[in-house]
Amino acid sequence: MTRFSKALRALLISAVLPFCIVVHAQVPAPPEVAARSFLLMDITANQILAQKDIDTPVEPASLTKLMTAYLVFDALKAKKISLTQTLPVSQRAWKMPGSRMFVDPKMQVPVEDLIKGLIVQSGNDATVVLAEGVAGSVERFVELMNEQARALGMKNTSYKNPEGLTAPGHTTTARDLSILANRLMQDFPNDVKYYAIKKYRYPGTPSTNDTNRNLLLFRDPTVDGLKTGHTEAAGFCMIVTAKRDFPNLTGGRRLLTIVLGAASENARANEAQKLLNWGYTAYDAVRLFDGGQAVATPAVWKGKQNTLKLGRNEPIVVAVPAGSASKIKTQVARPDPLVAPFARNQTVGSLKVTLGDQPVTEVPLLALDGVEQAGILGRAWDAVRLWIK
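Computed from a prediction, not measured in an experiment: that's the story for all the values here.

Draft legend 1. Local environment of the pattern of salt bridges. Applying the stated criterion to the full structure yields 17 salt bridges. Across the pair Asp55 and Arg175 runs a salt bridge, and its minimum N-O distance is 2.7 Å. Of this pair, Asp55 sits in the loop between strand 2 (47-52) and helix 2 (65-77) while Arg175 is found in helix 7 (residues 174-187), placing the two residues 120 residues apart along the sequence. Glu265 is the partner of Arg268 in a salt bridge, and the nearest nitrogen-oxygen pair spans 3.9 Å. Residue Arg268 and its partner Glu265 are located together in helix 9 (residues 265-282), separated by 3 residues, close to a single helical turn. Using a relative accessible area of 33% as the deciding quantity, one classes Glu265 as partly exposed.

Encoded structure:
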C-alpha cells in the first residue's frame, strides 16, 4: 500500500467515526455525585460532559420501561396498534407485583391510557398489557427488546422482562441508557410528551396513585422527562432531561443526566439537579454552522458538478468549557481527490473541532447535495487532468 493510499484510508476511516465523544479539552471538574454511576450528556452538542463508571453493568429497575415505551411508540408509528385501541388485562398483568396502574381483568383499557400508566405511574401491570398487545406474549416482547437494543448499539444491555423487576442477567449500563434515551427523543419526538405529565390515574383506580415519581418535574420548569426506577438491588435511579434557553441556539439547549444507585428518592433528584445545573453553567454551547450551511465546498472530479457542499442537515453545535469559545479551531478531514458520484446525505468527511491543541469532538460531514457522475467525455477529461495533477 502506498503512502498516499494509507493516508486516504485513514481519512476515510476518520470520516465515519461516531458523532459523540467525551470532551477532552480543559475539562472542568464535575461536582461530587452520591451515586454508583452517573452520566451527563449535552444532547444538543451530542457530547458527554461528565461521567462515572458508565460502562459498569447495573440493574436498570423501571428504567427498563424506556425500551418498553420505545417498542410501543414504534408499533404506533407502524400502525400495528392505535392510541384509541383497547387491550384486555390478562391475569398475568393483573397479578404483577411492584408499582401498578391498578387495572384488572374486567377492564378493556385504551392504549393511550396504558402508555400513561406505564410512564407516569410506572405500572408493571400496564407494562405487561402493552407487551402482550404489541407482541402477543411477554416472552416475544422481551426478544424484541433485546433485538432493538442491539440495533441501537446498546452493547452491554440484556433484558429479561419488560418492567424491570430484578432478574438474573437483567442489566444495562449508563452509556447504553444514554443511547436509548437519546434515540427515544430523536425517533419519537411527538410521543415523549407523556414523560412531562405530572399526574395521571385511570378512572376507577386509587386517587393516591396519581403522581409522577420524577420529583424534578415539580421543582424545575425546564425538566420534561424522563423516567425513574427503584429496586432493592438497583437503588434509586433516574434519567432526567431538561431544555433551557441559550444564546444563539434556536429551540434551546437540551441536557440529559443519568443517576444510578442513589440512596433515596430525594437523593437521586438532588444529584440529578446538581449535574444539570453544573452542565449548563460549566459548559457553553457554541453553534459553529447552521443546518444546511456548507462547512466546506471542495472540488469534485468526474462529476456533472465541479464542487460538493459538505455540512450537516442540523446545526453543528459543540460544548466547550465556559468562556473558552474564542479558542475553538476547526479542520475538515476528507478524501482527496473526491471522485463522483456522491449521493445526498452520504458521509464524505468530518469536521475536527479542537480547543487550542486539544481535541473536543469530531463531526461527520455529509454531502448536502448529490453529484451525479459525468458522461464518458467528462470522465475521460478529468482522468487526464488527475493524471497530470
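Moving on, there is more to tell.
Draft legend 2. Seen up close, the packing of aromatic side chains. In total, this model carries 4 aromatic pairs according to the counting rule given. Plain terms: the ring middles of Tyr70 and Phe188 are 4.9 Å apart, the flat faces sit at 80 degrees to each other, and that makes the pair edge-to-face. Pair noted here: Tyr70 is in helix 2 and Phe188 is in the loop between helix 7 and helix 8 (216-219), with a separation of 118 residues, a long-range link. The exposure classification of Tyr70 matches that of Phe188, with both residues buried.

Draft legend 3. Region of the structure containing the environment of Glu147. Its place among the elements puts Glu147 in helix 6 (residues 138-152). Taking the C-alpha atoms as reference, Glu147 lies 9.8 Å from Tyr159; in sequence the two are 12 residues apart. For Glu147, the side chain forms a polar contact with the side chain of Arg140, separated by 3.5 Å.

Draft legend 4. Just the pairing of strand 11 (residues 316-321), in detail. Among the 6 residues in strand 11, 6 count as buried, and that is most of the element. Bridge count between strand 8 (residues 283-289) and strand 11: 6 bridges; the pairing is antiparallel. For Phe289, the partnering residue across the bridge sits in strand 11 and is Ile316.

Draft legend 5. Inspection of the sheet that holds strand 7 (residues 249-262) at higher detail. The sheet built from 5 strands is open, its strands ordered 2-1-7-6-5 with antiparallel pairing. Both outer strands of the open sheet, strand 2 and strand 5 (223-231), are each paired with one neighbouring strand and no more. Within this sheet the neighbouring strands show an average axis-to-axis angle of 10 degrees, counted without direction. Set on the sheet, helix 9 makes contact with strand 1 (37-42), strand 2, strand 5, strand 6 (235-246) and strand 7; between it and strand 6 the angle comes to about 30 degrees.

Draft legend 6. Broad picture of the confidence of the model for the chain. Chain-level statistics for the chain give a pLDDT mean of 91 and a share of 91% at 70 or above. Low confidence marks residues 1-25, where pLDDT is under 50. Its contacts with residues over four positions away, or in another chain, come to 53 contacts.

Draft legend 7. Structural detail: the side chain of Thr241. Residue placement: Thr241 occurs in strand 6. Looking at Thr241, the relative accessible area reads 1%, which means it is buried. Here the side chain of Thr241 touches Leu255 through a polar contact of 3.0 Å, landing on its backbone oxygen. Thr241 has contacts with Met185, Thr222, Val223, Asp224, Gly225, Leu226, Arg254, Leu255 and Leu256, leaving out every residue within four places of it along the chain.

Draft legend 8. Representation of the sheet that holds strand 12 (residues 328-333) in the model. Taken together, the 5 strands give an open sheet; going across it, the order is 9-10-14-13-12, and neighbouring strands pair in antiparallel fashion. One side of each edge strand has no neighbouring strand; the edge strands of this open sheet are strand 9 (294-296) and strand 12. Where strand 13 (residues 347-355) meets strand 14 (residues 358-367), 8 bridges bridge the pair, whose relative direction is antiparallel. Bridged to Leu351 within strand 14 is Val363.

Conventions and cut-offs
- Residues numbered from 1 in each chain as written.
- Predicted model: local features only at pLDDT ≥ 70, side-chain atom pairs only at ≥ 80, totals over all residues.
- Heavy atoms only, no water.
- Salt bridge = Lys/Arg side-chain N within 4 Å of Asp/Glu carboxyl O.
- Helix = DSSP H or I, 4+ residues; strand = E, 2+ residues; numbered from the N terminus.
- Buried < 20%, exposed > 50% of the residue type's maximum accessible area, 1.4 Å probe, protein only.
- Phe/Tyr/Trp six-rings, centres within 6.5 Å; stacked < 30°, edge-to-face > 60°.
- Polar contact = N/O pair within 3.5 Å; in protein donor to acceptor, adjacent residues only side chain to side chain.
- Pairing = 2+ DSSP bridges.
- Axes fitted to C-alpha atoms, helices over the stretch in contact; angles between N-to-C directions.
- Contact = heavy atoms within 4.5 Å.
- pLDDT = per-residue confidence, 0-100.

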